[in-house]
Amino acid sequence: MKKFISVKDLPSIEKAIETAFEIKKNPYGFQHLGKNKTMVLVFFNSSLRTRLSTQKAAMNMGMNTMVLNVTEDSWQLESEMGVVMDGKNAEHLREAIPVIGRYCDVIGVRAFAKFEDKEADYSERILTQFVDYAGVPVVSMEGATRHPLQSYADLVTIEEYKKVDRPKVVLTWAPHPRALPQAVANSFVEWMRETDYELVVTHPEGYELAPEFMGDVKVEYDQKKAFEGADFVYAKNWASYTHYGQILSKDFGWTVDEAKMALTNEAKFMHCLPVRRNVVVTDGVIDSPNSIVVEEAYNRQVTAQAVLKMILEG
Ligand SMILES: NCCC[C@H](NC(=O)CCC(=O)O)C(=O)O
Ligand SMILES: NC(=O)OP(=O)(O)O
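In the annotation of an unreviewed UniProt entry, the entry for the protein reads N-succinylornithine carbamoyltransferase, and the organism field reads Maribellus luteus. Checking UniProt for the protein, the heading Sequence similarities (unreviewed entry) contains the comment "Belongs to the aspartate/ornithine carbamoyltransferase superfamily. SOTCase family." Of the protein, the UniProt comment under Subunit (unreviewed entry) reads exactly: "Homotrimer."

### With respect to the UniProt feature "binding site: N(2)-succinyl-L-ornithine" (unreviewed entry) in the protein
Mapped onto this structure's residue numbering, the UniProt feature "binding site: N(2)-succinyl-L-ornithine" (unreviewed entry) falls at Glu-142, His-176, Lys-236 and Arg-276. Cross-referencing the annotated residues with the largest pocket identifies Glu-142, His-176, Lys-236 and Arg-276 as lining it. Looking at the secondary structure, you find His-176 in the loop between strand E8 (168-173) and helix H7 (183-192). Within the structure, His-176 has its side chain in polar contact with the backbone nitrogen of Arg-178 (distance 3.0 Å). Structurally, Lys-236 can be placed in strand E11 (residues 232-236). For Lys-236, a relative accessible area of 7% corresponds to the buried category. Not counting residues up to four positions away in its chain, the partners in contact with Lys-236 are Leu-171, Thr-172, Trp-173, Ala-174, Leu-180, Val-184, His-271 and Cys-272.

### Details of the site of ligand 2
Near ligand 2 you find Ser-47, Leu-48, Arg-49, Thr-50, Arg-110, His-147, Gln-150, Cys-272, Leu-273 and Arg-300, and these make up its full shell. Ser-47 has a polar side-chain atom sitting 2.6 Å from an oxygen atom of ligand 2. Contacts to ligand 2 include Arg-110, whose side-chain N or O atom sits 2.9 Å from an oxygen atom. Within the complex, 93% of the 250 Å² of free accessible area of ligand 2 lies under protein. For ligand 2, the cavity whose grid points lie within 2 Å of the majority of its atoms is the largest pocket. Split by residue class, the shell around ligand 2 holds three nonpolar, four polar and three charged. Residue assignment places the shell around ligand 2 across two domains, with domain 1 (3-146 + 298-313) and domain 2 (150-293) each supplying three or more.

### Here's the deal with the site of ligand 1
Residues in close proximity to ligand 1 include Arg-110, Phe-112, Glu-142, His-147, His-176, Arg-178, Leu-180, Pro-181, Lys-236, Cys-272, Leu-273 and Arg-276, which together make up its full environment. At a separation of 2.7 Å, an oxygen atom of ligand 1 approaches a polar side-chain atom of Glu-142. Here a nitrogen atom of ligand 1 sits 3.4 Å away from a polar atom, N or O, in the side chain of His-147. About the coverage of ligand 1: the protein hides 87% of its 420 Å² of free accessible area. In this structure, ligand 1 is accommodated by the largest pocket. Per-class residue counts for the shell around ligand 1 are five nonpolar, two polar and five charged. Formed jointly, the shell around ligand 1 draws a minimum of three residues from each of two domains, domain 1 (3-146 + 298-313) and domain 2 (150-293).

### Thoughts on the nonpolar core
The biggest cluster of nonpolar side chains holds 57 residues, and the ones touching the most others in it are Phe-4, Tyr-152 and Leu-171. Here this core takes eight residues from helix H12 (residues 293-312), the largest share from any one element. Both domain 1 (3-146 + 298-313) and domain 2 (150-293) contribute no fewer than three residues apiece to this core.

### Focus on the packing of aromatic side chains
Under the criterion given, the structure shown has 11 aromatic pairs. Here Phe-4 and Tyr-152 contribute two aromatic rings whose centre-to-centre distance is 6.2 Å and whose plane-to-plane angle is 50 degrees, an arrangement assigned as tilted. In this pair, Phe-4 sits in strand E1 (residues 3-4) while Tyr-152 sits in helix H6 (residues 148-161), placing the two residues 148 residues apart along the sequence. Looking at Phe-4, the relative accessible area reads 0%, which means it is buried. Between the aromatic rings of Phe-115 and Tyr-244, the centroid separation amounts to 5.2 Å while the plane-to-plane angle is 75 degrees, which identifies the pairing as edge-to-face. Pair noted here: Phe-115 is in the loop between strand E6 (106-110) and helix H4 (118-122) and Tyr-244 is in the loop between E11 and helix H10 (258-261), with a separation of 129 residues, a long-range link. An aromatic cluster is present here, built from Phe-115, Tyr-122, Tyr-241 and Tyr-244 joined pairwise through their rings. It is Lys-118 that lies over the ring of Tyr-241; its NZ or CZ is 3.8 Å from the centre.

### Looking at the domain arrangement of the protein
According to the domain assignment, the protein contains domain 1 (3-146 + 298-313) and domain 2 (150-293). Taking only C-alpha atoms, the centre of domain 1 and the centre of domain 2 are 25 Å apart. On the side of domain 2, 30 residues touch domain 1, which itself brings 31 residues to the contact. For the pair domain 1 and domain 2, the summed buried surface comes to about 2500 Å²; carbon and sulfur atoms form 65% of the total. When the buried area of domain 1 at its contact with domain 2 is split by residue, Phe-115, Lys-118 and Tyr-122 rank highest and sum to 27% of it. Remark: the boundary between domain 1 and domain 2 carries three salt bridges. Where Lys-8 meets Glu-194, a salt bridge forms, and the shortest distance between an N and an O atom there is 3.0 Å. Counting across the interface, domain 1 meets domain 2 through 12 residue pairs in polar contact (both at pLDDT 80 or more). Secondary structure elements with two or more residues in the side of domain 1 that touches domain 2: helix H1 (13-25), H4 and H12.

Scoring rules and cut-offs
Residues numbered from 1 in each chain as written. Chains lettered and ligands numbered in written order. Predicted model: local features only at pLDDT ≥ 70, side-chain atom pairs only at ≥ 80, totals over all residues. Heavy atoms only, no water. UniProt positions renumbered as here; feature names shortened; annotations may be inferred. 1 Å grid on protein atoms, 1.4 Å probe; cavity = no way out; pocket = protein on both sides within 12 Å on 5 of 7 lines; lining within 4 Å. Helix = DSSP H or I, 4+ residues; strand = E, 2+ residues; numbered from the N terminus. Polar contact = N/O pair within 3.5 Å; in protein donor to acceptor, adjacent residues only side chain to side chain. Buried < 20%, exposed > 50% of the residue type's maximum accessible area, 1.4 Å probe, protein only. Contact = heavy atoms within 4.5 Å. Near = heavy atom within 4 Å. Areas by Shrake-Rupley, 256 points an atom, 1.4 Å probe, with all protein chains shown as cover. Sits in = over half its atoms within 2 Å of the grid points. Nonpolar A, V, L, I, M, F, W, Y, C, P; charged D, E, K, R; others polar. Domains from an automatic or database assignment. Core = buried A, V, L, I, M, F, W, Y, C linked by side-chain atoms within 4.5 Å. Phe/Tyr/Trp six-rings, centres within 6.5 Å; stacked < 30°, edge-to-face > 60°. Lys NZ or Arg CZ within 6 Å of the ring centre and 35° of its normal. Buried area = accessible area lost by both parts, 1.4 Å probe. Salt bridge = Lys/Arg side-chain N within 4 Å of Asp/Glu carboxyl O.

Given below as structure tokens:
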């Protein structure tokens with residue numbers, strides 16, 4: 001595997017699941033692959049899980065890791081081509097990326113949607129430059145439109161907990177005080193479409209995801225109806241795609257609570273984290289035995305390691 005930006009980069013979904021379970025059983029069995037190799041993790045945005053799980057994954061593979069936080073104490077990096085750089089940005093990605101690439105064997109990069117320009121976000125302006133100029137494989141640690149490491153962990157988590165071959169998986173929008181990217185939701189849909197699960201997406205009107213991600217996936221605007229018989233409930237907030245980056249609703253009627261979970265087939269509750277308690281989900285649901293958010297987060301380490309294995313094997 002030469003890069004990991006979307007589900008399309010995998011050899012196959014079956015092989016990805018198989019590799020993840022192989023790693024989960026034997027996390028230290030592949031250290032020879034990463035010996036004397038280095039991964040640089042570049043963060044344009046905050047992180048807890050991705051930062052730690054990806055570093056741990058690289059270490060388990062025998063690799064060294066370095067982390068670059070593009071924040072106020074590093075050079076601010078320009079991503080737009082052809083600009084007169086007389087503002088705050090001291091260095092262009094066009095130089096910075098190949099320089100980073102010379103210091104390592106794999107680059108991980110996190111660059112969220114900025115919500116300033118839909119075209120810049122949906123063309124993955126930053127991530128694409130990394131892929132084009134790094135000279136080494138690039139792993140997305142959440143781009144503007146996708147979060148493939150998250151979705152891979154979500155898939156493996158569902159595979160571990162499913163009680164039927166074709167579980168009903170519900171992606172539900174939930175309220176949030178801030179405008180969050182569509183990346184986790186887009187990616188979740190993209191990965192679920194590669195399976196034969198029954199996928200239902202529920203959200204208020206105006207929160208439709210980009211058609212290239214949704215395809216013919218069913219939208220059920222009645223959240224309670226969507227929850228009926230669900231085996232997995234995956235909650236996430238995202239800002240509007242059509243009214244790009246706007247918050248159209250903060251309706252707590254969409255919070256995932258015990259009454260709605262009672263409509264499901266004893267569904268497991270999932271969220272990528274970090275989560276706003278009693279806004280996105282009630283304490284009662286996230287603290288219940290059906291909440292699998294911590295194991296889901298642990299699987300971030302497992303699947304990051306599986307990605308590195310597939311990359312290091314070429
Ligand atoms: N990688 C997991 C989610 C990251 C990001 N969440 C956030 O920014 C939450 C921040 C807050 O709750 O203030 C998102 O939704 O894409
Ligand atoms: N789920 C996830 O990506 O978490 P972080 O934003 O903390 O990395």
